[in-house]
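Structural characterization, general
Listed below, chain by chain, are the residues.
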Amino acid sequence: MDYRRQAAINSMGSVVLMFGQWLISVLLVRMSGYEDAGVFSLAMTVSNVFSFFANYGLRNYQVSDVEGRFTQGQYILTRVLTALASSVACAVYLLAAGGYSPLERWAILLYLLYSNINVLSDTLLGSLQLHERLYINGYSNMMRGTVCFLAFVGTYLAVHNLLAALTVMCLATLLLAVLYDWRCFRKVETIALWKRGDWNAAVRLLRVCFALMLSNIFPVITTALPRRSIQKLAGTEQLGYFSSVFTPTVLITTLVPAIVIALVPRFADAWNRRDRSSLLRLVGHTYVFTTGFVLLAELAAVVAGRFVMRLIFGAEILQYYDLLYWAILATGINALTSCGNAILVAIGSNRAVAVGAGVAVAATLVLSDTLVRVQGINGAAYVLAFAYALQAVIQTIVFLTKILIRKQKVQ
């Protein structure tokens, strides 16, 4: 199957998966009011911090490993270790931290279990991508998004118990991982799990991908810091408006990485073959596509944004409508940094990925309070746009420098 079609199927799958979870949070308000919806939102937010560690930035590295530096069994073992570590860390945090009810603690742990099962499936799907079967990733996410949504909503309607619904959702995603993802994986990989020496290899892989793990964690902090400034300086109501305006832009940060992941093996292959023209052409197409997508999003905001925002959030949100343009811009630049991260990983610049993300964190840390104090919630969007732009500039400098150095070595 053509990689463009595979990338399209993969993107559709990512949207279905994301939309299913978003729709659960919306329907919970209708089914039971705001209490369980608030617990569900809290569970997603807190568990996401730990699931980012479980993810460990391994997928981009895995699909860029076209030379087979590590076996697929070693990638799976590494993800098992990170998933277990994230679960233990979350449990310790919940025991040590105050302010959580028993319901909230169990909801967070169950949602983390759901996320970590998906993380393990992601490793299997990464192996399938190396075998030119990225479309399976898309089909898997479509099924997961649909089945988990139906499992959660059906259970909640039947017993009106949030923990029961989360448990059934976990079982549903586990069932799909075993019956679909694992069976597809075993059709292309017949390796033993695990062979002697895999533990040492897993430790090496953890060391190699440590910078990528940081680059996964840093964006969470970058996003959180301006929101914390709004909460501290302007109040939770203003934070609610800010979060609502940014909600539609999730589509950008869902679609772009899903498409770019399809190109990572091609970036790596062109780099390994020293095919400079093919690499530059792929990189150019990636940035042109992403920029065009962001411009279309801005155009959609001009044409239909007011109607859509009013329909979803009510008339009160329209006083903050101009923030939507900055939200799309900031999120669009963030999408460009996702492209840059994928490219740098493919050419072996893992540390540069972490450095760029770290600089973005530093910029938000320095500027958030000041700009929110002066510009209100618009200031938070300005900070994010600037921080992501700074990260994108660093990525561009590193990439061009690596290209020039390699060209001089060849000459």
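So, a few notes on the structure that sits alongside this text. (Residues numbered from 1 in each chain as written. Predicted model: local features only at pLDDT ≥ 70, side-chain atom pairs only at ≥ 80, totals over all residues. Heavy atoms only, no water.)

Further remarks concern the pattern of salt bridges. A side chain with one charge can pair with a side chain of the opposite charge if their charged atoms come near. Per the counting criterion, the structure on display carries nine salt bridges. Glu132 serves as the salt-bridge partner of Arg266, at 3.7 Å between the closest nitrogen and oxygen. Within this pair, whereas Arg266 is found in helix α12 (residues 264-272), its partner Glu132 is found in the loop between α5 (102-130) and α6 (134-159), the two being separated by 134 residues in sequence. With a relative accessible area of 25%, Arg266 lands in the partly exposed category. In this structure, Asp269 engages Arg273 in a salt bridge whose closest nitrogen and oxygen atoms are separated by 2.9 Å. Within this structure, Arg59, Arg79 and Asp122 form a network of salt bridges that share partners. (Salt bridge = Lys/Arg side-chain N within 4 Å of Asp/Glu carboxyl O. Helix = DSSP H or I, 4+ residues; strand = E, 2+ residues; numbered from the N terminus. Buried < 20%, exposed > 50% of the residue type's maximum accessible area, 1.4 Å probe, protein only.)

Moving on to the nonpolar core. Grouped together as the largest cluster of nonpolar side chains are 66 residues, with contacts concentrated most on Tyr61, Phe242, Val245, Phe267, Leu279 and Phe399. Sorting elements by how many residues they give to this core places helix α14 (residues 323-346) first, with 13 residues. Beyond its immediate stretch of four places on either side in the chain, Tyr61 contacts Arg69, Phe70, Tyr75, Leu205, Val208, Cys209, Leu212, Val345 and Asn350. In terms of nonpolar packing, the next biggest core, distinct from the first, is built from 31 residues, Leu17, Ile24, Val39 and Phe50 among them. (Core = buried A, V, L, I, M, F, W, Y, C linked by side-chain atoms within 4.5 Å. Contact = heavy atoms within 4.5 Å.)

Let's shift gears to the layout of surface pockets. If a probe the size of a water molecule is rolled over the atoms, the empty space left behind becomes visible. For the second largest pocket, the calculated volume is near 250 Å³. Elements supplying a minimum of two residues to the lining of the second largest pocket: α1 (3-32), α11 (250-260) and α13 (276-313). (1 Å grid on protein atoms, 1.4 Å probe; cavity = no way out; pocket = protein on both sides within 12 Å on 5 of 7 lines; lining within 4 Å. Points joined across faces, edges and corners; volume = space filled by probe spheres on them.)

Turning to unusual backbone geometry, a few remarks are in order. The backbone of Glu132 sits at a positive phi, close to 60°, despite the residue not being glycine. Given a relative accessible area of 46%, Glu132 falls into the partly exposed group. In this model, His160 sits at a positive phi of 50°, which is unusual for a non-glycine residue. With respect to the helices and strands, the residue His160 is situated in the loop between α6 and α7 (162-188). The partly exposed category is assigned to His160, whose relative accessible area is 49%.

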